[in-house]
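Residue strings, one per chain:
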Amino acid sequence: MKEEELIAIEKQLSFPEGDAGIEMANMMNETNYTMSKACIESLHISEGNSVLELGHGNGGHIHEIIHTQKNVQYSGLEISSTMKEEAQKMNKELAITRTAAFYLYNGLEIPFERENFDKIMTVNTIYFWREPLQLMNEINRVLKSEGLFSVTYGKASFLKTLPFVRNRFQLRSDEEVMDLAKRAGFSVHDIQHKSDVVKSKHGDIVERAFTVLVLKKN
């Protein structure tokens, strides 16, 4: 692929917007399915749980969260207005019944009261956090005592092999992510090392290694 195409892919992965962002989100919804499913399952969502997701993209997976148990309440945060609008369209019925609600935020401050959610999740966003410790502290603040936060991300060793991974990605090892979490007041509840086979953003079939790190609020 041409250099400008690789730069455009990286930009849309970090901040999907416009028609190109919608197209990228559709592709991400498909390629990230295994990671999203693993993240959802790791939370062991219970009946009546309130779940927050950071960076939901077009929200094609949200019905799986909602229907995990009865009376699950979903809230989604996005930095991209395009993704917020797409998720609202894709989950129109859930939004109408207020089972799911979607919000924009600045990527730094979470616009909810403290101890508001039972479970929190995010998939493939940690590379783009501007202030990782600040956001990790915010996640801890809005999570209920004993609540779980599942952060799912591609292994740095795998991501380094992708030609579009440039300066917008901040790659971290499992040890670095766990250290960040502990500094924010989390303990490690579980860590899972997984892999799947996907079609990459530039068209190749690759084996993707990823981590599902489940953190518990102390």
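These numbers come from a predicted model, not from an experiment.

### Points about the packing of aromatic side chains
- Enumeration over the complete set of coordinates arrives at 7 aromatic pairs.
- Here the aromatic rings of Y127 and F128 are separated by 5.7 Å at their centres, their planes lie at 90°, and the arrangement is edge-to-face. Each member of the pair, Y127 as well as F128, carries the same accessibility label: buried.
- For the ring pair F149 and F186, a centre distance of 5.9 Å and an interplane angle of 45° mean the geometry is tilted. Of this pair, F149 sits in strand 5 (residues 143-154) while F186 sits in strand 6 (residues 186-199), and the two are 37 residues apart along the sequence.
- Residue F149 is classed as buried on the basis of its relative accessible area of 0%.
- For F186, a relative accessible area of 2% corresponds to the buried category.

### Some thoughts on the layout of surface pockets
- Considered as a void within the structure, the largest pocket measures approximately 890 Å³ in volume.
- Among the secondary structure elements, those contributing two or more residues to the lining of the largest pocket are helix 1 (3-14), helix 2 (18-31), helix 3 (33-42), strand 1 (50-54), strand 2 (73-78), helix 8 (156-159), strand 6 and strand 7 (205-217).
- Tallying contributions element by element places helix 2 first for the lining of the largest pocket, with 4 residues.

### Some details on the sheet that holds strand 4 (residues 117-123)
- With mixed pairing, 7 strands are arranged side by side in an open sheet as 3-2-1-4-5-7-6. Each edge of the open sheet is held by one strand with a lone partner, namely strand 3 (100-104) and strand 6. Sheet twist, expressed as the mean angle between neighbouring strand axes with direction ignored, is 15°.
- As paired strands, strand 4 and strand 5 are joined by 6 bridges and run parallel to one another.

Conventions used here
- Residues numbered from 1 in each chain as written.
- Predicted model: local features only at pLDDT ≥ 70, side-chain atom pairs only at ≥ 80, totals over all residues.
- Heavy atoms only, no water.
- Phe/Tyr/Trp six-rings, centres within 6.5 Å; stacked < 30°, edge-to-face > 60°.
- Buried < 20%, exposed > 50% of the residue type's maximum accessible area, 1.4 Å probe, protein only.
- Helix = DSSP H or I, 4+ residues; strand = E, 2+ residues; numbered from the N terminus.
- 1 Å grid on protein atoms, 1.4 Å probe; cavity = no way out; pocket = protein on both sides within 12 Å on 5 of 7 lines; lining within 4 Å.
- Points joined across faces, edges and corners; volume = space filled by probe spheres on them.
- Pairing = 2+ DSSP bridges.
- Axes fitted to C-alpha atoms, helices over the stretch in contact; angles between N-to-C directions.

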